[in-house]
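Structural characterization, general
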Amino acid sequence: MLLTEVNNFTVNIFERQPKIILTRIILLSILFFWIYGFLLPTITSIDNSISNMLLARVYSNVCHQESAKCISIGNASMMVCSRCAGIYFGAFTAGLLSLLLIVPSISRTVLILSAIPLGMDVLFVLTGVYTYSQGIASATGLVFGGVVYLFLLNELENLFSKKPFQGNE
Amino acid sequence: MNKKYLSALVCGFGAAVLTTIPGIQSIGCCLLAPVASVVAIYLYKKSQTGLLKIQTGTGILLGLLTGIFAALFASGFEIIFTYITRTSDLVTSMPQAEKVVKEMNLGPGAEESMEVLKQMVSEIQSKGFSFLYTFLITITNLITYSIFGMLGGLIGTAIINKRSQSI
């Protein structure tokens with residue numbers, strides 16, 4: 001029953017707003033490849049040192065990659081820290097949910113509120129209130145990533161589906 | 001110079017300078033390029049008197065330009081530092097990479113690519129410059145900073161426009 005309702009809803013969305021669904025799928029695919037890239041060392045052994053160096057280099061631009069702060073699976077660790085991984089996984093989860101559900105409109109206040117736990121965690125670790133915890137860093141990143149993704153999605157969908165701003169530019 | 005390019009140039013340069021400061025990246029993480037784009041949009045809006053709203057496309061373009069400038073300056077700084085110090089991240093991480101390749105016994109493909117890396121390292125240590133290394137860091141910088149710059153541009157436009165609406 002529930003599955004039928006979800007299916008009907010999805011079909012309706014596809015029929016009514018194909019551009020929106022396409023935007024969501026494209027964005028999610030890009031995010032998937034980005035996440036796959038930093039998970040690669042934990043999934044498979046890269047037998048090419050140049051590819052490995054290039055991948056590490058790409059992610060080093062967006063993350064400090066300190067080994068103690070990266071999540072390890074077996075002997076290999078991800079190419080980004082726990083906080084960044086949390087942000088991307090949060091965005092990916094929000095992206096998956098956005099394919100089935102109506103995306104709520106995210107206000108600037110919500111965006112700022114979602115950044116507060118992350119900012120506080122950074123501050124507390126820097127000031128020595130507590131030591132770095134991969135769990136806390138991931139959790140705060142997860143919330144922030146999800147909200148940022150939904151905020152971005154709203155803006156992209158406004159750009160593609162609605163009339164542009166009536167500004168005086 | 002067009003004010004659009006000027007604000008992107010200033011913020012791109014600022015972001016590139018920040019990337020060279022040790023410790024900044026451990027705080028800023030992936031937020032340096034997006035924040036630089038937001039500031040570029042803010043400066044652009046400030047410079048255009050009477051501009052009420054910025055179009056999303058303009059915001060993304062500004063973010064992209066900021067990312068490109070940041071990537072070019074960051075690459076430039078890295079090339080200069082590499083030339084002066086005759087060392088780089090690649091040189092310092094080489095022994096570790098060699099150890100991993102030997103331990104994991106990854107086959108002939110790994111050996112061949114290791115040779116190319118060794119050549120880059122020896123060029124950096126002897127001349128302070130490797131064309132392949134320069135090309136690779138510039139390309140990787142351009143890809144990541146452009147993507148994150150555009151994201152910052154999109155978010156920044158929305159934040160600044162909403163702020164204008166509420167004032």
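Here the structure is a predicted model, which means the values were calculated and not measured.

Right, let's get into the overall build of chain A. Assigned secondary structure in chain A consists of six helices and two strands. N-terminal to C-terminal, the α/β element order of chain A is α-α-α-β-β-α-α-α. The 169 residues of chain A split such that 30% are buried. When contacts within chain A are restricted to residue pairs at least 6 apart in sequence, long-range pairs at least 24 apart make up 70% of them.

A few words now on the pairing of strand 1 (residues 70–73) of chain A. Residues and elements named next belong to chain A. Examined bridge by bridge, strand 1 and strand 2 (residues 76–81) share three bridges and lie antiparallel to one another. Across the sheet, Ser 72 pairs through a bridge with Ser 77, a residue of strand 2. In this structure, the hairpin formed by strand 1 and strand 2 is closed by a connection of two residues, where Gly 74 is found at a positive phi of approximately 70°.

Residues and elements named next belong to chain A. With respect to the helices and strands, Ala 139 occurs in helix 6 (residues 134–161). For Ala 139, a count of 18 C-beta atoms within 10 Å corresponds to the partly exposed category. Along the chain, Ala 139 and Arg 83 lie 56 residues apart, while their C-alpha atoms are 7.8 Å from each other.

For the rest of this paragraph, the subject is helix 2 (residues 18–43) of chain A. At A:Gly37, helix 2 of chain A is deflected by roughly 40°, the largest bend along its length, and proline A:Pro41 occurs up to four residues later in sequence. Those residues of helix 2 of chain A that fall on the buried side of the exposure criterion are A:Arg24, A:Phe38 and A:Pro41.

A separate point is the nonpolar core. What tends to happen in soluble globular proteins is that the nonpolar side chains get buried as a cluster. Counting residues in hydrophobic clusters, the biggest one holds 55 residues, and the most contacted among them are A:Val80, A:Cys84, A:Phe151, B:Ala36 and B:Ala70. Those elements that provide at least two residues to this core are strand 2, helix 4 (82–100) and helix 6 of chain A together with helix 1 (3–20), helix 3 (32–47), helix 4 (56–85) and helix 7 (131–166) of chain B. Core analysis: the next-biggest nonpolar cluster, separate from the first, contains 10 residues, B:Leu90, B:Met94, B:Ile124 and B:Tyr133 among them.

This next bit is on helix 4 of chain A. Between its first and last C-alpha, helix 4 of chain A extends 27 Å over 19 residues, near the 27 Å set by a 1.5 Å rise per residue. Residues of helix 4 of chain A that are buried: A:Ser82, A:Arg83, A:Cys84, A:Ala85, A:Gly86, A:Ile87, A:Tyr88, A:Gly90, A:Ala91, A:Ala94, A:Gly95 and A:Ser98.

Attention shifts here to the environment of B:Thr134. Residue and element names in this part refer to chain B. By secondary structure assignment, the location of Thr 134 is in helix 7. When the C-alpha atoms of Thr 134 and Gln 96 are compared, they prove to be 21 Å apart, with 38 residues separating the residues in sequence. Once you skip the residues sitting within four places of it in the chain, Thr 134 turns out to touch Ile 79 and Phe 129.

All right, on to the packing of helix 3 of chain B against helix 4 of chain B then. Residues and elements named next belong to chain B. Put simply, helix 3 and helix 4 touch, their axes get as near as 9 Å, and they point 125° apart. Accordingly, the angle class assigned to the pair helix 3 and helix 4 is oblique. Two packed elements cross with a definite hand, and for helix 3 against helix 4 that hand is right-handed. Note on element contacts: helix 4 touches helix 3 through Gly 59, Leu 62, Gly 63, Thr 66, Gly 67 and Ala 70, opposite Ala 33, Ala 36, Ser 37, Ala 40, Ile 41 and Tyr 44. Split by residue class, the contact of helix 3 with helix 4 holds seven nonpolar, five polar and no charged.

Now for the environment of B:Ala158. Secondary-structure assignment places B:Ala158 in helix 7. What makes B:Ala158 buried here is the crowd of 23 C-beta atoms within 10 Å. Excluding residues within four positions of it along the chain, B:Ala158 makes contact with A:Phe151 and A:Glu155.

In low-pLDDT segments, the atomic positions of the prediction should not be examined closely. Residues and elements named next belong to chain A. Taken as a whole, chain A shows an average pLDDT of 81; of its residues, 82% reach a score of 70 or greater. The least confident element of chain A, judged by mean pLDDT, is helix 1 (residues 2–16) at 51; the most confident is helix 4 at 92. Ignoring residues within four places in sequence, the model shows residues 164–169, a span with pLDDT below 50, making 15 contacts including any to other chains.

Thresholds, definitions, all that
- Residues numbered from 1 in each chain as written.
- Chains lettered and ligands numbered in written order.
- Predicted model: local features only at pLDDT ≥ 70, side-chain atom pairs only at ≥ 80, totals over all residues.
- Helix = DSSP H or I, 4+ residues; strand = E, 2+ residues; numbered from the N terminus.
- Buried ≥ 20, exposed ≤ 12 C-beta atoms within 10 Å, placed from the backbone.
- Contact = placed C-beta atoms within 7 Å.
- Pairing = 2+ DSSP bridges.
- Bend = angle between axes of the 7 residues up to and from the residue.
- Core = buried A, V, L, I, M, F, W, Y, C linked by C-beta atoms within 7 Å.
- Expected span 1.5 Å × (residues − 1).
- Axes fitted to C-alpha atoms, helices over the stretch in contact; angles between N-to-C directions.
- Parallel < 35°, antiparallel > 145°, perpendicular 65-115°, else oblique.
- Left-handed = near helix turned anticlockwise from the far one by under 90°.
- Nonpolar A, V, L, I, M, F, W, Y, C, P; charged D, E, K, R; others polar.
- pLDDT = per-residue confidence, 0-100.

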